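Analysis of the macromolecular model
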Amino acid sequence: MPEASFFTDMLQSITDHGRQLLFSGSRNTQAAAKADLQTLCEMLLSSRGEASGIALAAEILDRWGALESAGAQQFFHMLHETFGPDTVRLDQAMENYRADKSSAAVIALHQAAEPRRQELLRRLNHAPNGTARLVRMRQQLLASKDRSEAYHALDADFTHLFGSWFNRGFLTLRPIDWSTPANILEKIIKYEAVHEIASWEELRRRLAPADRRCFAFFHPRLADEPLVFVEVALTRSLPNAIADVLDEGREQINADEATTAVFYSISNCQDGLRGISFGNFLIKQVVEDLRRDLPGLKNFVTLSPVPGFARWLAKARDPAGARSLSKAALETLSLLDDPNWPDKEKSSAELERVLLPLAARYFLTERTPEGRPVDPVARFHLGNGARLERVNFLGDRSPKAVRQAHGLMVNYLYKLDDIVANHEALAQRGEVIASPAVKSLLNQSDEGRRGGNGQQGSRAFAQIMNSTLGGGRK
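Residues numbered from 1 in each chain as written. Predicted model: local features only at pLDDT ≥ 70, side-chain atom pairs only at ≥ 80, totals over all residues. Heavy atoms only, no water.

Looking at an unreviewed UniProt entry, the protein carries the name Malonyl-CoA decarboxylase, with the source organism given as Rhizobium redzepovicii.

The structure is reproduced here in structure tokens:
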């Protein structure tokens, strides 16, 4: 990206010139060279010159980057204690607002309430590579074990600023393929968080075929650093197992033969941007681009992990827990204690009968204290307006998936005409929109809690499944 390179070089030139002004002889500049970080931060906030301000920002970030863990924690504590709101000014602004609730008083109150460290972070962002370094600073903050008031206040400031700096208007969507520069492809391998990419050859199988796509969001201040990327399989049917998608011996098709786009891996790349949502914009933009380029696509679905299911089920099986499971269900679930159960036909058949209804209960009725779905991936897709389409038993047999979800995967359907209504159902009424097949599983879950064997429900489920989108594997 030549423009970004030109901007970086120009900013570095200004920084170098500013450092010459700051650290080249006068009493003030000698004091600056010896100043501690707190003093430098005060100098940056009071600085009026652009070159000297950029140089101060670079100096602060350079010194911060050299700190050990304990020093970084002290720096965060200093930001909270010393660079919060001006309390005298805030008290006066509050008194003024009580006396005069004019627009001017509201603006003055807002300005007085803003912590000084927010303006400090804005000015630090002016340094060369300032945005990337501040993202790393928040990454270190999130990695700390401190969860004090200082931590929450400082993280709120980062989240507020990053929410503006990384809004959708600044992001660019770029396709990732086998011709993408190697330094970016290396990061795709590194950041893949759902289905590990073990080699360059495996990456080639995910990017090079005509029925595979990958897209990533980039930000102009992090030019070659993807923020989030999605891998897409173009298929003729709805897959129910990740092995079908990643199988190197699978039958490949031409892109224009596909009727279904399957989003099978979405990976956030920057730990320092955790909580700053890009994935919802990414999916919607990719759907628009795919529909434009491949008008034969009719279905847009995911093949998603269920990372919280095993943890939830462990609590449900705990005799001291509040959830009620029948004695028969608990006896069947004891088969999960055998690490080889997925390879035993009888055990897996018995567990399928019990796990699928419990999964429906997990998605459709269980809630966090805030009233949201308990599964983090479900919160993302359902919050974006997708429909819970299908629960897939042993959809992923990898050790990670068996450990986190007892092998379960799910399909979420993005039906464009229904996205807004589905989102509103969840946001306004707490209702998870699901297919008839998944709802029938919930009825089996009720039977299981009463001690029924669920066989009649299983037959009904199979009949419904045959009529749902895509059927089984083809």
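Turning to helix α18 (residues 376-383), its buried residues are V377, A378, H381 and L382. Relative to the axis of α18, the buried residues are bounded by an arc of 115° and lie together on one face. Capping the start of α18 is the job of one residue whose side-chain oxygen sits 3.2 Å from the backbone nitrogen of V377: D375. Looking at the residues trailing α18, positive phi occurs at G385, about 100°. (Buried < 20%, exposed > 50% of the residue type's maximum accessible area, 1.4 Å probe, protein only. Helix = DSSP H or I, 4+ residues; strand = E, 2+ residues; numbered from the N terminus. Arc of directions from axis to C-beta. Polar contact = N/O pair within 3.5 Å; in protein donor to acceptor, adjacent residues only side chain to side chain.)

In this section: the environment of V420. Inspection of the secondary structure assignment puts V420 in helix α20 (residues 419-429). Each C-alpha atom, one on V420 and one on G383, is 9.8 Å from the other, the two residues being 37 residues apart in sequence.

This part covers the packing of aromatic side chains. One pass over the full model with this rule turns up eleven aromatic pairs. Ring geometry for F75 versus F76: centroids 6.2 Å apart, planes at 55°, classification tilted. Ring centres of F162 and W165 lie 5.7 Å apart, and the angle between their planes is 55°; on these two criteria the pair is classed as tilted. Note that F162 and W165 are positioned in helix α10 (residues 149-165) at a spacing of three residues, about one turn of the helix. When sorted by exposure, F162 lands in the same class as W165, which is buried. Every member of this aromatic cluster is reached through a ring pair, and the members are F158, F162, W165, F166 and F278. We note K101 situated over the ring of Y97; from NZ or CZ to the ring centre the distance is 5.1 Å. (Phe/Tyr/Trp six-rings, centres within 6.5 Å; stacked < 30°, edge-to-face > 60°. Lys NZ or Arg CZ within 6 Å of the ring centre and 35° of its normal.)

A word on the confidence of the model for the protein. Per-residue confidence for the protein gives a mean pLDDT of 88, with 86% of residues at or over 70. Looking over the protein, one finds the lowest element-wise mean pLDDT in helix α22 (residues 455-467), namely 39, and the highest in strand β8 (residues 409-413), namely 98. Counted against residues more than four places away or in other chains, residues 446-474, with its pLDDT under 50, gives 42 contacts. (pLDDT = per-residue confidence, 0-100. Contact = heavy atoms within 4.5 Å.)

With that out of the way, let us pick up the nonpolar core. Ranked by size, the top nonpolar core spans 101 residues in total, and within it F166 and F309 carry the most contacts. Among the elements that make up this core, the one with the highest residue count is helix α17 (residues 345-364) (ten residues). In contact with F166, not counting residues within four places along its chain, are T131, V135, L171, H219, L222, L227, L273, I276 and F278. Counting residues in each nonpolar core, the second largest holds 13 residues, with I184, L185, Y191 and L203 among its members. (Core = buried A, V, L, I, M, F, W, Y, C linked by side-chain atoms within 4.5 Å.)

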